[in-house]
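So the chains spell out like this:
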Amino acid sequence: MTRIDATFAELKAAGKKAFVSYVMAGDPDYETSLELVKGLPAAGVDIIELGLPFTDPMADGPTIQLAGQRALDAGMTLAKTLELATEFRKEDDTTPIVLMGYYNPIYNRGVENFLSDAKAAGIDGLIVVDLPPEEDEELCIPAQKAGLNFIRLATPTTDDKRLPTVLQNTSGFVYYVSVTGITGAAEAQAGDVGPEVARIKSATDLPVIVGFGINTPEKAQNIASISDGAVVGSAIVSQVASGKPLPEVLEFVRALADGAHSA
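Here the structure is a predicted model, which means the values were calculated and not measured. (Residues numbered from 1 in each chain as written. Predicted model: local features only at pLDDT ≥ 70, side-chain atom pairs only at ≥ 80, totals over all residues. Heavy atoms only, no water.)

Visitor: Talk me through helix α10 (residues 217-225); I want residue IDs and the actual numbers.
Guide: Listed in full, the buried residues belonging to α10 are K219, A220, I223 and A224. Taken around the axis of α10, the buried residues stretch over an arc of 130 degrees, which confines them to a single face. Here the buried face of α10 lies against α9 (190-201), β8 (208-211), β9 (229-232) and α12 (246-261). (Buried < 20%, exposed > 50% of the residue type's maximum accessible area, 1.4 Å probe, protein only. Helix = DSSP H or I, 4+ residues; strand = E, 2+ residues; numbered from the N terminus. Arc of directions from axis to C-beta. Contact = heavy atoms within 4.5 Å.)

Right, dumping it as structure tokens:
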């Protein structure tokens, strides 16, 4: 059982929904980013999505694109991202970390080396948005064999014909993208999302977590109420971009977490 599996089992036993937060590794710099990540569990975050900075983040809107650019400008790399996770693990051995990004940096490092290093750093799962199921032999299958969950995205355009393919080698949870388009571009609507979550849950026993377009505690509550939990990314990254002190950013995260947990 991975940390992700254990976390969902605990939440289910407690009758709670999950709150997942996304932050960009190295934004605005390594030290600030590390302190932010360290503060997330105490702010109510159940699972941390750690963004891997990349030059061409095609699924991301301007907010996360700019965060990645700030991180890259500050010297963030895949190696330093794994170093950040290693530092986090010195104080927290239970909160799951999902590395979210694109395949190019992983490919450049070499899949075998990357998986070994990621496992050693305490990474629990991967979301690699530009590797479709047709490429599962490339990274998904090796990752599962290494003990890492490989989490797949389902979207409003994932129809009933495509869904089984998407779910085939997915583990940990299914990430349902609530809007058509890039991150931070539109708002999630519970009325639209509910039937889609139900459709996915009828095809898998995995938890279904909803992300994209959630930016307030009320929306986190609404979305968590019709799913197994909510993901917030761009809204948190915006707080970091505005230069707010970390305690204020973490207070905002806590409000979002409280919203999801009250569902």
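Visitor: I'd love a proper account of the nonpolar core, names of residues and values included.
Guide: Nonpolar side chains in soluble globular proteins generally cluster together in the buried interior. Core analysis: the largest hydrophobic core is formed by 88 residues, its most contacted members being L99, I123, L126, L139, F173 and Y175. Here this core gets seven residues from one element, more than from any other, and that element is α12. In this structure, L99 is in contact with L50, L52, L78, T81, L82, F114, I123, G125, L126 and I127, ignoring residues within four places of it in sequence. (Core = buried A, V, L, I, M, F, W, Y, C linked by side-chain atoms within 4.5 Å.)

Visitor: Now, about empty space enclosed by the protein: what can you tell me, with residues and values included?
Guide: Taken as a whole and judged by the stated rule, the model has one cavity of 30 Å³ or more. Empty space within the largest cavity amounts to approximately 40 Å³. Every residue along the wall of the largest cavity is listed here: V23, M24, D27, S33, L36, I236, V237 and V240. For the lining of the largest cavity, the secondary-structure elements that each account for two or more residues are β1 (18-24), α2 (30-39) and α11 (234-241). Looking at the lining of the largest cavity, the element that brings in the most residues is α11, giving three residues. (1 Å grid on protein atoms, 1.4 Å probe; cavity = no way out; pocket = protein on both sides within 12 Å on 5 of 7 lines; lining within 4 Å. Points joined across faces, edges and corners; volume = space filled by probe spheres on them.)

Visitor: Got a sec to walk through the environment of Y175? Specific residues and values, please.
Guide: Here Y175 is to be found in strand β7 (residues 174-177). Residue Y175 is classed as buried on the basis of its relative accessible area of 4%. Residues Y175 and F212 lie 37 residues apart in sequence; the distance between their C-alpha atoms is 9.9 Å.

Visitor: Report on the pairing of β7, specifying residues and quantitative values.
Guide: The two faces of β7 match: V174 and Y176 on one face and Y175 and V177 on the other face are all buried. Inspection of the sheet shows strand β6 (residues 152-154) paired to β7 by three bridges, in the parallel sense. Within β7, the position partnered with L153 by the bridge is Y175. (Pairing = 2+ DSSP bridges.)

Visitor: I'd like a description of the layout of surface pockets, backed by residues and values.
Guide: The volume enclosed by the largest pocket comes to roughly 490 Å³. The wall of the largest pocket is formed by 33 residues, among which A59, V129, L153, T155 and V177 lie closest to the centre. Counting only elements with at least two residues in the lining of the largest pocket, the list comes to β1, α3 (62-73), β3 (97-101), β4 (125-128) and β6. Tallied by class, residues from the lining of the largest pocket come to 23 nonpolar, seven polar and three charged. (Nonpolar A, V, L, I, M, F, W, Y, C, P; charged D, E, K, R; others polar.)

Visitor: Describe α9, listing the residues and the values that go with them.
Guide: Relative to the 16 Å expected for 12 residues at 1.5 Å per residue, α9 spans 16 Å between its end C-alpha atoms, a close match to the ideal helical length. Here α9 has its buried residues at V193, G194, E196, V197, R199 and I200. Those residues of α9 that are buried are in contact with β6, α8 (163-167), β7, β8 and α10. (Expected span 1.5 Å × (residues − 1).)

Visitor: I'd like a description of the packing of helix α4 (residues 78-89) against helix α6 (residues 111-121), backed by residues and values.
Guide: Direction vectors running N to C along α4 and α6 enclose 25 degrees, while the axes themselves pass 8 Å from each other. With respect to each other, α4 and α6 are oriented roughly parallel. For the pair α4 and α6, contact is made by L78, L82, A85, T86 and R89 and by F114, D117, A118 and A121, respectively. Here the contact of α4 with α6 is composed, by residue class, of six nonpolar, one polar and two charged. (Axes fitted to C-alpha atoms, helices over the stretch in contact; angles between N-to-C directions. Parallel < 35°, antiparallel > 145°, perpendicular 65-115°, else oblique.)

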